[in-house]
Each structure stands twice: as structure tokens, then as C-alpha cells.
Amino acid sequence: MINVSEKPLPGFVSGGAPKGMLIDGQWTQARSGETFETVNPATGSVIATVASGGPADVDRAVAAARRAFEDPSWAYMNPHDRTVLLLRIADAIEANAAELAELESMDGGIPITITRGMMADSAKTVRYYAGWPTKILGTVNPVDASVHCYTVREPLGVCAGIIPWNGPLVMAIWKIVPALACGNTVILKPAEQTPLTALRFGEILMEAGLPAGVVNVVTGFGETAGAAISGHPGIDKVSFTGSTATGKLILGASVGNLKRVTLELGGKSPHIIMPDADISAAARNAAAGFAMLTGQVCVAGTRILVHESVMDEFAGELAKAVSAFRVGDPFEEATMLGPVVSAEQFERVNSYVSVGVSEGAEIVLGGGRFGNAGYFVEPTVFSGVSNDMRLAREEIFGPVAALIPFREVDEAVRIANDTDYGLAAAVATSNVSTAHTLARRLRAGVVWVNTYSELDSTFPFGGFKQSGIGRELGEYGLANYTEVKTVTVKL
């Protein structure tokens, strides 16, 4: 049984009036007048009512973003001044970190200790990109002496970001800040399950002095607001984080005006446990790798490939590590795992537990729910899993992992790469040669060795195969927000 107390609503959502969208520096309701409710997944209670935007609202946001992009005060802002503005935004995130963390925990069910870390990471990412406006350089090209030829990198124009519900503010920062550093304008659509921190961040941006229309926030559903953004001829780029199925729809919708698309999609990440690994440490990393954020992470290491000689020892250590996770009220300091985000996700996760049983896999840990209120599920581990089972093929997006045995390194690599996805992978080994060899052979955008889920704004993140197109973060992420122009002058 989990006891979750109803926490008083933060000031941002108190009062009962529907939360509007940010368009052209103004807070506005949807043209249709429609709204939706955002729910606390720990209690099932309504937190706030939010404007449900549609195509007409996307049109308004695109027009505002285009005007702001073409305004010389933004388009030709001195790069040093752009840096100062971004640093001011980072300071504002830190000044409001406690409120933002509270909103994130209430709206998404993420433990408060984790959301505090997310706010700190968000400010760090803004500061990282604040250093880039003065370093987006061109080249002088070696051509015939009769001409002077050079290249410049220019902003794309109006960029849209469509973000998921697992870490909404972090994802919003990943979309917005690189675009601003390059001089673009932005339309952000948060997930309908977790719109609140995106809206509060919109307020913070206005308070920090961002010009009207440079960032617009349109709340609504994927099939309405999201679809309108994906196919809009006035949008030059879409950056999406979410499911592979939705990513394919966005890519298809982009062909109308050949808008640039960056996709960070699903995963079914392998975590290879070699027999020479520190088994206790590997088990702790693997437990965190599949269960943290209640398994609602695209990089979750849900396929745990274990050498058969250490399977029994590893399974025991994994059970010990998972059992140490405190599942409960997101606002309790000791809580490590909160609820999944919604009733729909709760049903999805539990349906996969049933699928695993029906396929002949054995539950060695978990498999149930906690209490009768909220959307709490037990971290669950299956054994007796083969890589052709649905448990090993399909992204569950919940705390469900499969133990898969292997005998030889080549077999482990074959199983690890036998997937439609390629977002992340991990290796546990004490042998440096093994670590580098496996890192080279694994088909994934990120490979962790003797750790899991470590990310930093300085290095690129993205996937192979159906895990996406393009990269976010680091210098690579900036390339997605600029066009290269060649200028040739006859001397």
C-alpha cells in the first residue's frame, strides 16, 4: 500500500482558471475554446485545466514566430547580446528551480529528488549553449584568386519542438535553446500529459526579456496541434522526441515543404553483462538502467544480456538492487520510483506483463501493482526470455526487463544488434579491450561502459536505425538549426 497525500497546488496552477497558451508574447485560450485536464498520476486528481490548441492556434503561433524571426532586433542581434540573454534565462531557471521541480513532480509523477536534478541540468544546458553564439563560424574557401569565396552559417527560421512527458522541461530546453543560440524562433508543443512546466517556462522566458514571438507554447493533443505543426508549410524544422510510430508520421508530414526533421525515437537497449564484470556494481547499474523514472526512458536497458556462467549470481544481485528502490509518493525524499504517467500507460505496462507470461517467460521479480490509487507498478524482471519474444522486441516504456543468457561474445553482439532500434547500449566488464571492442561493434548512438544513463550537454545524443534521425546536444546539435550559405564575390 502506498500513501500519497494531496499536496497544495503551486501558485502557478491555483485559482482554477484554464491555463492559456503563449502566442506572440500573450497568454491566450484556444480559438475553439476547448480545454483538457492534466492529472496528478500519483493520486488521479486533476491539477489544472489547459487550453487545447488546434490548427488555428498553430497558424497564429507560426505567424508570430515568423514576424519575430524577420525582426532585425532578433535576426541580427549581436552574438554577445544573445549570450547575455541566454545566461539570463539560465539564471532564471535556477531562481525558479524549486517551483519548476514541484510542478514536474506533480504533473509527471517523477520523484522530487530527480526533478531537482533535472532543473540543475536544464540550467547547465542553457549555459552551455549560451557560449555558442560567438562561435558559429564560417570558412574562407580556397578557390581561384579572381574571386573571394566564403561560407556562413545562418539560422533556419521557424523551428518547432514536440516533446514527450518523461522529463518535459529538460526536453523543452533541448529543443528551444540550441535554436535560440543560432537565431531561430520556436514553437513548442508539450505532451498533453505534462504541459505545466513548459507553460511556466514560457512565463520565465518573458520575464527574462525574450522578445514576443521568439518562443511560443501551444498546448494540445498530437492528432490536432501536433499534426498541424508537423505539416505546416510555414515551419522550417521539426524536432520531435517520442515514439517511433509517431516519428514516422511526422517524417511523412514533413515532405510538403521538405522541412528539416530531427527525430529522437524509441529504444530497446541491450545491457551486456560479461563474466569478468563487478557483478554487484553491474546489477545496480542495470537496475537503474531499466527502472529509473519508472522505466519511462527511451534509453532504458530493458534487454539484460547475461553470460550464462554468472546468470544466477547476477539475478540475485539484480533482485537485491531493485528491491532497494523505494516506490511511493513523488514528494517523499526517500522515494526513488513514482507512478507511471497516466492510466493509459499503466494499462500498457501491465498488458506487457501479461504478454510475457503468455509467451512462457517467468516472472522472477515484481509483476503487480502497488495499492488501489494512482498508477504505481512494480519493477518487474522476467527470465527465460528469448530475443524473438515481444518482451524483447517491443518498447514497453515501463519498468519491465528481460534477462537473456548468452555463451559467447559474438552471440551477445548478435542478440544486442538484433533489434529495429539503436538508441543506446551498455557493457559491464573489467577488461578495457573488451569494453572498446564491444563499444565499436554495438549498433547504438550511445554506449555506456560500467555505468548507465549518463548524459551531458557537451556530447551528441541520438540513435541508429529506427531510433531516430540526427543528434541533439553538443556541437552536433547546432548543425540541425543552421543552413550553410556560400558567397562568391568577383574581385
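Not measured: the values here are computed from a predicted model. (Residues numbered from 1 in each chain as written. Predicted model: local features only at pLDDT ≥ 70, side-chain atom pairs only at ≥ 80, totals over all residues. Heavy atoms only, no water.)

1. With respect to the overall build of the chain
Put simply, the rule reads: By the criteria applied, helices consist of DSSP H or I runs no shorter than four residues and strands consist of E runs no shorter than two, each listed in order from the N terminus. Each radius of gyration is computed over the set of C-alpha atoms, and the globule rule expresses the reference value as 2.2 Å times the number of residues to the power 0.38. Between buried and exposed lies partly exposed: a residue is buried under 20% and exposed over 50% of the maximum accessible area for its type, with that area taken using a 1.4 Å probe on protein chains only. Contact criterion: two residues are considered in contact whenever any of their non-hydrogen atoms come within 4.5 Å of each other. When charges are counted, Lys and Arg contribute as positive and Asp and Glu as negative, whereas His and the chain ends are disregarded. By convention, the point assigned to a charge is CZ for Arg, NZ for Lys, CD for Glu and CG for Asp.
In terms of helices and strands, the chain carries 16 helices and 20 strands. The C-alpha atoms of the chain give 23 Å as radius of gyration, which agrees with the globular expectation for 491 residues (23 Å, within 12%). With the principal axes as the frame, the chain shows a C-alpha extent of 70 × 65 × 40 Å. Buried positions account for 56% of the 491 residues belonging to the chain. Expressed as a percentage of contacts within the chain between residues at least 6 apart in sequence, the contacts between residues at least 24 apart total 73%. Between the mean site of the 38 positive side-chain charges and the mean site of the 51 negative ones, the chain shows a separation of 6 Å.

2. Brief notes about the side chain of Asn-480
What counts, and what does not: In the analysis that follows, any N or O atom pair within 3.5 Å is treated as a polar contact, provided that within protein one partner can donate a hydrogen and the other can accept it, and provided that, for residues neighboring in sequence, both atoms belong to side chains.
Along the chain, the position of Asn-480 falls in the loop between helix H16 (474–479) and strand S20 (482–490). Of the polar contacts made by the side chain of Asn-480, one reaches the backbone oxygen of Arg-471; its length is 2.5 Å. Those residues in contact with Asn-480 that lie beyond four places of it in its chain are Leu-156, Lys-237, Thr-262 and Arg-471.

3. Comments concerning the sheet that holds strand S15 (residues 380–383)
Whether parallel or antiparallel, the strands of a sheet pair through hydrogen bonds between backbone atoms. Heads up, the condition is: Any two strands with at least two DSSP bridges between them are considered paired. For helices, the fitted axis covers only the stretch in contact; all axes are lines through C-alpha atoms, and the angles between them, taken along N-to-C directions, range from 0 to 180 degrees.
One open sheet holds the 7 strands; their spatial order is S14-S15-S16-S13-S12-S17-S18, and the pairing between them is mixed. A single partner strand is all that each edge strand has here, and the edge strands are strand S14 (362–365) and strand S18 (446–449). Pairwise comparison of adjacent strand axes, ignoring direction, gives a mean angle of 25° for this sheet. Alignment of S15 against strand S16 (residues 400–406), held across 3 bridges, turns out to be parallel. Residue Thr-380 lies in a different strand from S16, and its bridge partner there is Val-400.

4. Digging into the environment of Ala-287
Here Ala-287 lies in helix H10 (residues 279–291). Along the primary structure Ala-287 and Leu-85 are separated by 202 residues, whereas in three dimensions their C-alpha atoms are 40 Å apart.

5. Here's the deal with the packing of aromatic side chains
To keep it simple, the criterion reads: Pairing of aromatic rings covers Phe, Tyr and the six-membered ring of Trp, with a centre-to-centre limit of 6.5 Å; geometry is then stacked below 30 degrees between planes, edge-to-face above 60, and tilted otherwise.
Under the counting rule described, the total for this entry stands at 7 aromatic pairs. With a centroid separation of 5.1 Å and 65° between ring planes, the pair formed by Phe-36 and Phe-221 is classed as edge-to-face. Taken together, the positions of Phe-36 in strand S3 (residues 35–39) and Phe-221 in the loop between strand S9 (215–217) and helix H8 (222–231) put the pair 185 residues apart, joining distant regions of the chain. Take Phe-36: its relative accessible area is 7%, and that puts it in the buried class. Between the aromatic rings of Tyr-128 and Tyr-129, the centroid separation amounts to 4.9 Å while the plane-to-plane angle is 75°, which identifies the pairing as edge-to-face. Here Tyr-128 falls in the partly exposed class, since its relative accessible area comes to 21%. When its relative accessible area of 0% is taken as the criterion, Tyr-129 is described as buried. Chaining the aromatic ring pairs together yields one cluster made of Tyr-128, Tyr-129 and Trp-132.

Structural measurements only, silent on function.
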